There are 2 protein chains.
Amino acid sequence: MPSADRRLHPRRKPRQVRAELTRDRILTAAAHVFAEHGYAAGTTNRIAERARVSIGSLYQYFPNKDAILAELLVRHIDRGTWTQADELDLSPGSLEATARALVRDAIDNHRDDPQLLRIMIEEASFSQEVLDTIERHGEKRVGQVRDLLARHPDVHVRDLDTAAELIVTTVEMNTHMLMAGPRTIPVETFENELVAMVTRYLRGDQ
Amino acid sequence: MPSADRRLHPRRKPRQVRAELTRDRILTAAAHVFAEHGYAAGTTNRIAERARVSIGSLYQYFPNKDAILAELLVRHIDRGTWTQADELDLSPGSLEATARALVRDAIDNHRDDPQLLRIMIEEASFSQEVLDTIERHGEKRVGQVRDLLARHPDVHVRDLDTAAELIVTTVEMNTHMLMAGPRTIPVETFENELVAMVTRYLRGDQ
DNA sequence: CAAAGAGCTGAGCTATTGCTCACAATAGTG
DNA sequence: CACTATTGTGAGCAATAGCTCAGCTCTTTG
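**Q** Please provide a residue-by-residue account of the overall build of chain A, values included.
**A** Within chain A one finds nine helices and zero strands. Ordered by position from the N terminus, the helices and strands of chain A form the series α-α-α-α-α-α-α-α-α. For chain A, the proportion of its 206 residues judged to be buried stands at 48%. When the accessible surface of chain A is totalled, it reaches about 10600 Å², and 49% of it is carbon and sulfur.

**Q** I'd like a description of the relation of the copies chain A and chain B, backed by residues and values.
**A** With an RMSD of 0.1 Å, chain A superimposes on chain B once it is rotated by 179 degrees and translated 0.1 Å along the axis. Look at the turn and shift together and you get a two-fold axis relating the two. Interface overlap between copies is the fraction of interface residues in one copy that are interface residues in the other; for chain A against chain B it reaches 97%, indicating a shared surface.

**Q** Just give me the short version of the pattern of salt bridges, but keep the residues and values in it.
**A** Residue and element names in this part refer to chain A. Under the defined criterion, the tally for this structure stands at 26 salt bridges over all chains. Here glutamate 36 and arginine 50 are joined by a salt bridge, their closest N and O atoms 3.8 Å apart. Placement of the pair is glutamate 36 in helix α1 (residues 17-41) and arginine 50 in helix α2 (residues 44-50), with a sequence separation of 14 residues. Close ionic contact of arginine 141 with aspartate 105 constitutes a salt bridge, the shortest N to O distance being 3.6 Å. Taken together, the positions of arginine 141 in helix α7 (residues 128-151) and aspartate 105 in helix α5 (residues 95-111) put the pair 36 residues apart, joining distant regions of the chain. Across this residue pair, the class does not change: arginine 141 and aspartate 105 are buried. Each of Arg23, Asp24, Glu71 and Arg75 takes part in salt bridges that share partners, so that together they form one network.

**Q** Give a description of the side chain of Thr169(B) that names residues and reports values.
**A** With respect to the element layout, Thr169(B) can be found in helix α8 (residues 160-180). Within the structure, the side chain of Thr169(B) is placed 3.0 Å from the backbone oxygen of Glu165(B), a separation counted as a polar contact. Ignoring any residue separated from it by four or fewer positions in sequence, one finds Thr169(B) in contact with Met173(A), Asn174(A), Met177(A) and Asn174(B).

**Q** Give a description of helix α9 (residues 187-203) of chain B that names residues and reports values.
**A** For the α-helix, the turn length of 3.6 residues means that residues three or four positions removed from each other point alike. Residues and elements named next belong to chain B. Taking 1.5 Å per residue, 17 residues should reach 24 Å; α9 reaches 24 Å between its end C-alpha atoms and fits that length. Within α9, 13 of the 17 residues are buried, leaving the element largely enclosed by the surrounding structure. Positive phi appears at glycine 204, one or two residues downstream of α9, with a value of about 70 degrees.

**Q** Outline the protein's contact with DNA strand C, supporting the account with residue identities and numerical values.
**A** Close to DNA strand C lie 27 residues, the nearest being Lys65(A), Arg15(B), Gln16(B), Thr22(B) and Gly56(B). Between Gln16(B) and DNA strand C, the recorded distance is 2.8 Å, taken from a backbone N or O atom to a phosphate oxygen. For DNA strand C, a phosphate oxygen lies 2.5 Å from a polar atom in the side chain of Thr22(B). When residues of the surface near DNA strand C are traced back to their parent elements, those giving at least two are α2 and α3 (55-61) of chain A together with α1 (17-41) and α3 (55-61) of chain B. Sort the elements by how many residues they give to the surface near DNA strand C and α3(B) lands first, with five residues. Of the residues assigned to the surface near DNA strand C, the class counts are eight nonpolar, 12 polar and seven charged.

**Q** Tell me about the nonpolar core, residues and numbers included.
**A** Residues Tyr201(A), Leu202(A), Tyr201(B) and Leu202(B) are the most contacted members of the largest nonpolar core, which totals 60 residues. For this core, the elements supplying multiple residues, two or more each, are α5, α7, α8 (160-180) and α9 (187-203) of chain A together with α5 (95-111), α7 (128-151), α8 and α9 of chain B. Those residues within four positions of Tyr201(B) in sequence are excluded, and the remaining contacts are Glu193(A), Ala196(A), Met197(A), Arg200(A), His156(B), Val157(B), Ala163(B), Leu166(B) and Ile167(B).

**Q** Explain the packing of aromatic side chains to me, using residue names and the numbers behind them.
**A** Remark: the centre distance and the inter-plane angle together describe each pair of aromatic rings, the angle taken between the planes. All names here are of chain A. Under the defined criterion, the tally for this structure stands at two aromatic pairs over all chains. Considering the side-chain rings of phenylalanine 34 and tyrosine 39, the 5.1 Å spacing of their centres and the 45 degrees angle between planes classify their relative orientation as tilted. Residue class for tyrosine 39 comes out buried when judged on its relative accessible area of 8%. Lysine 65 extends its terminal NZ or CZ atom over the ring of tyrosine 39, reaching a point 4.5 Å from the ring centre.

**Q** An account of the interface of chain A and chain B is requested, with residue identities and associated values reported.
**A** Between chain A and chain B, the contact holds 29 residues from the first and 30 residues from the second. Carbon and sulfur atoms make up 61% of the area that chain A and chain B hide from each other, which totals about 3000 Å². The three residues of chain A that bury the most area against chain B are Glu193(A), Met197(A) and Arg200(A), which together make up 26% of that side's buried surface. At the surface where chain A touches chain B, the tally comes to two salt bridges. Linking Glu193(B) and Arg158(A) is a salt bridge whose minimum nitrogen-to-oxygen distance equals 3.5 Å. Between chain A and chain B we count six residue pairs in polar contact (both at pLDDT 80 or more) in total.

Basis of the calculations
Residues numbered from 1 in each chain as written. Chains lettered and ligands numbered in written order. Predicted model: local features only at pLDDT ≥ 70, side-chain atom pairs only at ≥ 80, totals over all residues. Heavy atoms only, no water. Helix = DSSP H or I, 4+ residues; strand = E, 2+ residues; numbered from the N terminus. Buried < 20%, exposed > 50% of the residue type's maximum accessible area, 1.4 Å probe, protein only. Areas by Shrake-Rupley, 256 points an atom, 1.4 Å probe, with all protein chains shown as cover. Least-squares fit on C-alpha atoms with pLDDT ≥ 70 in both. Contact = heavy atoms within 4.5 Å. Salt bridge = Lys/Arg side-chain N within 4 Å of Asp/Glu carboxyl O. Polar contact = N/O pair within 3.5 Å; in protein donor to acceptor, adjacent residues only side chain to side chain. Expected span 1.5 Å × (residues − 1). Near = heavy atom within 4 Å. Nonpolar A, V, L, I, M, F, W, Y, C, P; charged D, E, K, R; others polar. Core = buried A, V, L, I, M, F, W, Y, C linked by side-chain atoms within 4.5 Å. Phe/Tyr/Trp six-rings, centres within 6.5 Å; stacked < 30°, edge-to-face > 60°. Lys NZ or Arg CZ within 6 Å of the ring centre and 35° of its normal. Buried area = accessible area lost by both parts, 1.4 Å probe.

Functional significance is not addressed by these values, which are geometric in nature.
Structural data, given as structure tokens:
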């Protein structure tokens, strides 16, 4: 299992529609296989088999296994989450609504394929390039939340940076746990409590 | 990589001191190797090498690779954490102290070897037997917290069970994130904010 | 001290993986 | 249609993993 292969870009760019289709089939299959078997046990041969594509074709578009997961991850990140946060009500008294927006965003983000996201978050040992992408994305989110908190009149916390980091992790991870495990708590209950937690923390009236 | 081997118990029980020593050496080495290379790349040969023990000896005490991580995990779980929670002050006004105890507990639990714990939490694909152990441990903790909340006069939340689950996950995961990544936030600041969050949530004064 | 069993060794087996490459099939172009 | 570029194939290679086993060394015991 070669771990430090830096080449993540396809060795051949698709020029015909057929090729683009094959690429997509591979990615779709990979998503299913990774979600079902995990990253380590999700072999490239299995992916090719599931995509009804020869193993050779797979390696025409992806230089190695890591690149497949990387592409999957980048696609997931780029696919417009976080669109709601810009158009938020920042007037006094709207803190709970703001918190709810954040929580909803996280929940939506996990709905598509919680298993695959689990793999991507937990199992993968990524190359530095991909790790940087994740890191940047995380910082971006924290930054956005920080700005949001800074603008909102109802927010009273000691340190904005810490608060932002804390909130992002809390919302993300709790949602993650809820969707990953056996659904023992109804989603609405969960959402309400999580929103309550974030709201009360941010409001800060002791 | 056989994944569903149910036999987790050693094939030979140590009867001489020498054997017990070897076993411990293997476990210690495994902890280091897993922490350093991750689970997948932490090969049994590497573990044996680091333990200065032949690969054959390793397989006399552990039927397979999974069993090693399993033992490591069980040991970590069994090693008395959570001792503080029983002797807590439950009088009115002590809510923050209670929350702080929970947070401190989590932080202490991560101090020994955060890397190894990271592996154990994230990377391992465990057998059902080990998963059950983890599950039971998690439920136990949530149960303890639930009882704690039920007893404390200052706690005002809608649903105790959800609150308990939420708190355990939040405290655990935030701590986990803090210790795993590059220490960007000082521990005291983190502790204070996390305590504030939990306290305000539990107090529930809207 | 000698027999017996516990403990230990490591070359190497089996299985599997990520991946290559020589070739075949198909699509685009004059 | 002929020719080229693009796309697709899959047997099989090299590497490496987990793990076995025949036989050695060390402890214990009488």
